[in-house]
Amino acid sequence: QGRLREVVARRGRGTRGAANRRVVLLTAEPLQSLPSLAVFWIDGLREQLSGAGFHLEVHVSRSVYGARSDDALKTLTQTIRPAAWVLYRSTLAMQRWFSTHALPGVITGSRHQGIELPSVDVDYRATCRHAAGQFLAKGHLRLALLNPESGTGGERESEEGFKEAVAQF
């Protein structure tokens with residue numbers, strides 16, 4: 001009551017995180033290399049977690065984002081055992097790893113299909129559907145969606161929203 005967000009424990013996950021008040025944010029880049037908007041929300045997350053009695057730790061690891069991420073993730077998750085993980089700009093392989101191993105975590109960004117982890121993201125589908133609809137309503141008939149192939153789920157959602165708007169016209 002009165003809180004915008006609250007970290008809640010899931011039943012059946014064991015007591016490993018109960019005594020541990022640390023949350024680890026995984027990123028491929030150090031904080032000073034991240035976009036300023038990302039640094040602002042990380043600072044906000046740190047503040048929210050602190051208010052709930054948790055400590056946010058940022059862990060930089062390019063190897064967990066690479067081609068042999070399974071090996072790197074196995075080593076990392078055996079070494080570091082936080083109450084929860086925050087997966088920043090995670091790949092499909094990373095999301096599968098955390099989902100398959102039932103590790104407590106949340107995806108910041110789009111969740112790939114078949115992944116059972118919670119995620120917090122911009123609604124790219126609705127955003128692109130709205131933008132394409134606005135262009136079409138103003139009489140623009142030649143539209144193109146330029147999507148980077150970064151491997152995040154947001155591109156798929158953006159494309160779906162774009163197609164939905166065009167199909168309704």
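Residues numbered from 1 in each chain as written. Predicted model: local features only at pLDDT ≥ 70, side-chain atom pairs only at ≥ 80, totals over all residues. Heavy atoms only, no water.

**Student:** Before we move on, can you summarise the environment of Ala-144 with the specific residues and values?
**Tutor:** Along the polypeptide, Ala-144 turns up in the loop between α5 (124–137) and α6 (154–168). Distance in space between the C-alpha atoms of Ala-144 and Ala-132 is 9.1 Å, their sequence separation being twelve residues. (Helix = DSSP H or I, 4+ residues; strand = E, 2+ residues; numbered from the N terminus.)

**Student:** Provide a residue-level description of the nonpolar core, including the pertinent values.
**Tutor:** The nonpolar side chains of a soluble globular protein tend to be buried with one another. Counting residues in each nonpolar core, the largest one holds 29 residues, and the members touching the most others are Leu-26, Trp-85, Leu-87 and Phe-98. Ignoring any residue separated from it by four or fewer positions in sequence, one finds Leu-87 in contact with Leu-26, Met-94, Phe-98, Val-106, Ile-107, Thr-108 and Leu-117. (Core = buried A, V, L, I, M, F, W, Y, C linked by side-chain atoms within 4.5 Å. Buried < 20%, exposed > 50% of the residue type's maximum accessible area, 1.4 Å probe, protein only. Contact = heavy atoms within 4.5 Å.)

**Student:** So what's going on with the sheet that holds strand β5 (residues 119–120)? Residues and values would help.
**Tutor:** Across the sheet, which stays open at both edges, the five strands sit in the order β2-β1-β3-β4-β5 with parallel pairing between neighbours. A single partner strand is all that each edge strand has here, and the edge strands are β2 (55–60) and β5. Across four bridges, the pairing between strand β1 (residues 22–27) and strand β3 (residues 84–88) is parallel. Following the sheet pairing, Val-23 is matched in β3 by Ala-84. Lying on the sheet, helix α2 (residues 36–51) is in contact with β1, β2, β3 and β4 (105–108); it crosses β2 at an angle near 145°. The sheet strands contacting helix α4 (residues 92–100) are β1, β3 and β4, and the helix crosses β3 at an angle near 165°. (Pairing = 2+ DSSP bridges. Axes fitted to C-alpha atoms, helices over the stretch in contact; angles between N-to-C directions.)

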